[in-house]
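Observations on the three-dimensional arrangement
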Amino acid sequence: MVEFIDVYKKYPNGTVALKGINLKINKGDFAFIIGSSGSGKSTLLKLLMKEESVTQGDVIVNGYQLSKLHTRQVPYLRRSIGMVFQDFRLLPNKTVYENIAFAMEITECLPREIRRQVPMSLALVGLSRKANAYPHQLSGGEQQRVAIARSLVNNPALLIADEPTGNLDPENSWEIVKLLTEVNQRGTTVVVATHERSIVDAMKKRVIAIEKGKIIRDQQKGLYVDED
Ligand code: ADP
Ligand code: ADP
């Protein structure tokens, strides 16, 4: 599903953000990626989406070998991945319904498919009644639920969430984590980059800890801080 093979990433300014990453995440897994600011979490996620390219090594995602991926194939890769961000990234001038429909329109889905799928996605995140609201009329937690609904419309095999609870209060954070767990239980592989110790500790899922561009710990049912 996801594999990093001895991956190095050096930015043009000389910063080496990842130094020899080896990692395998299997289909159906739920994994946290933790590490302090600047440790390399975002770089790792950007490589997965092919927003950045590796300097050395290779990444395999959903069957795509990224070093060999042609530019024209990148949209197929991205369609196989759902992405959720800290700042939600909803379009402010579109309704909830339109935000989700738009994500399908740009991947050239048929209108019939869109009319069927959007209400299903909204129902999945419990926001059917907000279909015609604009993002600013929703709470942060609701906006993130819309973003999750949008990330799932193309039925991705992999959902990546970059600090998904970073802008939310604890109660809403838990709602989002619960939702991500449900998505995982329906078969989607979920990878969450986060700083939030309480969530990582409560979930007891796989923890991949990065520091200065290297994996320093990879543990099933891990805690934020290794107790040993
Ligand atoms: P994290 O997401 O854990 O905060 P990042 O992957 O954003 O870490 O950053 C890892 C390192 O790479 C940091 O030293 C950061 O300053 C550097 N970095 C990130 N993006 C760029 C870039 N576009 N150009 C140069 N350096 C970058
Ligand atoms: P609701 O009562 O769930 O908010 P409406 O009665 O306003 O929904 O809309 C009826 C149907 O049209 C629902 O299936 C809804 O999801 C869908 N819909 C809502 N907004 C739009 C829109 N902007 N474009 C197309 N269909 C929409």
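A brief report on the enclosed structure follows. Owing to the predicted nature of the structure, the values given are computational and were not obtained by experimental measurement.

To continue, consider the site of ligand 2. Lining the immediate environment of ligand 2, one finds Tyr 97, Glu 98, Ser 128, Ala 131 and Asn 132. Relative to its free-state accessible area of 540 Å², ligand 2 is covered by the protein chains to the extent of 43%.

Strand order across the open sheet formed by four strands is β2-β1-β4-β5, with antiparallel pairing between neighbours. Pairing within the sheet leaves two strands with one partner each, and these edge strands are β2 (16-25) and β5 (64-65). Across the sheet, helix α1 (residues 41-48) lies against β1 (2-10), β2 and β4 (56-61), angled at about 120° from β1, the strand it touches most.

As defined by bridge partners, strand β9 (residues 206-211) adjoins strand β10 (residues 214-219) across five bridges and the pair is classed as antiparallel. From the neighbouring strand, Val 207 faces β10, where its bridge partner is Gln 219. Here β9 folds back onto β10, and the loop between the two strands holds two residues, one of which, Lys 212, carries a positive phi near 45°.

Turning next to empty space enclosed by the protein. All chains considered together, the criterion is met by one cavity of 30 Å³ or more. Its volume calculated, the largest cavity comes out at about 30 Å³. Lining of the largest cavity is provided by Phe 32, Pro 164, Thr 165, Val 177, Val 192, Thr 194 and Ile 199. Broken down by class, the residue content of the lining of the largest cavity amounts to five nonpolar, two polar and no charged.

Okay, the nonpolar core next. Ranked by size, the top nonpolar core spans 42 residues in total, and within it Phe 32, Ile 100 and Ile 148 carry the most contacts. Dropping the residues within four chain positions of it, Ile 100 is found in contact with Val 118, Leu 122, Val 146, Ala 149, Arg 150 and Val 153. Residues Met 49, Val 61, Ile 160 and Val 191 belong to the second largest nonpolar core, which totals 29 residues.

The rules behind the values
- Residues numbered from 1 in each chain as written.
- Chains lettered and ligands numbered in written order.
- Predicted model: local features only at pLDDT ≥ 70, side-chain atom pairs only at ≥ 80, totals over all residues.
- Heavy atoms only, no water.
- Near = heavy atom within 4 Å.
- Areas by Shrake-Rupley, 256 points an atom, 1.4 Å probe, with all protein chains shown as cover.
- Pairing = 2+ DSSP bridges.
- Helix = DSSP H or I, 4+ residues; strand = E, 2+ residues; numbered from the N terminus.
- Contact = heavy atoms within 4.5 Å.
- Axes fitted to C-alpha atoms, helices over the stretch in contact; angles between N-to-C directions.
- 1 Å grid on protein atoms, 1.4 Å probe; cavity = no way out; pocket = protein on both sides within 12 Å on 5 of 7 lines; lining within 4 Å.
- Points joined across faces, edges and corners; volume = space filled by probe spheres on them.
- Nonpolar A, V, L, I, M, F, W, Y, C, P; charged D, E, K, R; others polar.
- Core = buried A, V, L, I, M, F, W, Y, C linked by side-chain atoms within 4.5 Å.
- Buried < 20%, exposed > 50% of the residue type's maximum accessible area, 1.4 Å probe, protein only.

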